[in-house]
Amino acid sequence: MTEGDKGMTKDQIKLEIIRYGNMLIEKGLCTGTGGNISVRLPENNGFMITPSGIPYPDITLEDIVTLDFEGNIIEGKRTPSIERNMHRAIFIARPDVNAIVHTHQNFASAIAATRQDFPPILDAFVAVFGGGIKCAEYGSIGTEELACNVVEGLGTRNGVLLANHGALCTGKTLDMAFGNCEFLEASAITYCFANTIGKPVVLDQGVVEKEAADLA
């Protein structure tokens, strides 16, 4: 969370998680109960995450689960998302990340199904992600193996593909993480279409480094 966000109460954070959860469905980034959202606690002693198996429109404040960084439930009676280990591992590995959004968005998932990395074919992609993003090695849903693979694939970027699964974006705020998911999907549409008419030209590494440095 940003400095301004730290003034939010836990209930306000839960309301934001619920709001963005519904937006996952509205924006077509997930269907049913797919995907999950988490936000680091302001005290940095754990995180809140969406529950498992509840449709987003039905989620209430009481359904949001709070865990510590050891994976223990410290608040909430629901079963936390099956991908809680993945979220926990990212928060531990990336102190700069305060929010995580995992999706099953169509076009990014299509690329993930090929187990290919997503190369920097658009300058705007470099602006958002600092270069191309990786496709993490495959791991079964909810496993520590998947969590470790995603942390490795994510690296220092704010986006990663999950082989044969979907996508995940991070951010300093939930708004940023969600926005990164939307941008990733728009870019994935361009990439998939470009592959139907020819071979997309990947930006030269020197250009990528210069663009990233200029924006930084």
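Structure: see above.
Residues numbered from 1 in each chain as written. Predicted model: local features only at pLDDT ≥ 70, side-chain atom pairs only at ≥ 80, totals over all residues. Heavy atoms only, no water.

Novice: What is the right way to read helix α5 (residues 144-154) from this model?
Specialist: Because an α-helix packs 3.6 residues into every turn, residues spaced three or four apart end up facing the same way. Listed in full, the buried residues belonging to α5 are L146, A147, N149, V150, G153 and L154. Down the axis, α5 shows its buried residues gathered within 165° of arc, on one side only. Tucked inside the fold, the buried residues of α5 contact α2 (84-93), β6 (135-136), β7 (159-162) and β8 (166-171). Immediately beyond the C-terminal end of α5, within one or two residues, lies G155, with a positive phi of roughly 55°. (Buried < 20%, exposed > 50% of the residue type's maximum accessible area, 1.4 Å probe, protein only. Helix = DSSP H or I, 4+ residues; strand = E, 2+ residues; numbered from the N terminus. Arc of directions from axis to C-beta. Contact = heavy atoms within 4.5 Å.)

Novice: Would you mind going over the packing of aromatic side chains with me for this structure?
Specialist: Remark: the centre distance and the inter-plane angle together describe each pair of aromatic rings, the angle taken between the planes. Under the definition given, this model contains 9 aromatic pairs. An angle of 25° between the planes, with centres 6.2 Å apart, marks the rings of F47 and F69 as stacked. Of this pair, F47 sits in strand β2 (residues 47-49) while F69 sits in the loop between β3 (65-67) and β4 (73-75); the two residues are 22 residues apart in sequence, bridging distant segments of the chain. (Phe/Tyr/Trp six-rings, centres within 6.5 Å; stacked < 30°, edge-to-face > 60°.)

Novice: Just to check I follow, could you spell out unusual backbone geometry for this structure?
Specialist: Excluding glycine, most residues fall at negative phi; most peptide bonds, likewise, are trans. The phi torsion at N44 lies on the positive side, around 60°, for a residue other than glycine. Relative to the assigned elements, N44 resides in the loop between β1 (36-40) and β2. In this structure, N164 takes a positive phi of about 55° despite not being glycine. Looking at where N164 falls in the secondary structure, it is placed in the loop between β7 and β8. For N164, a relative accessible area of 42% puts it in the partly exposed group.

Novice: Explanation requested: the pattern of salt bridges in the structure shown.
Specialist: Between side chains of opposite charge, a pair can form when the charged atoms approach closely. According to the stated counting rule, one finds 8 salt bridges in the structure shown. Notably, a salt bridge pairs E43 with K10, separated by 3.5 Å at the nearest N-O pair. Highlighted residues: E43 in the loop between β1 and β2 and K10 in helix α1 (residues 10-26), separated in sequence by 33 residues. On the accessibility criterion, K10 (33% relative accessible area) is partly exposed. Here E182 ties to K27 by a salt bridge, and the two come within 3.5 Å at their closest N and O atoms. A residue pair is termed long-range when its members are at least 10 positions apart, and E182 in helix α6 (residues 174-197) and K27 in the loop between α1 and β1 qualify at 155 residues. A relative accessible area of 32% means that E182 is categorised as partly exposed. The partly exposed category is assigned to K27, whose relative accessible area is 46%. (Salt bridge = Lys/Arg side-chain N within 4 Å of Asp/Glu carboxyl O.)

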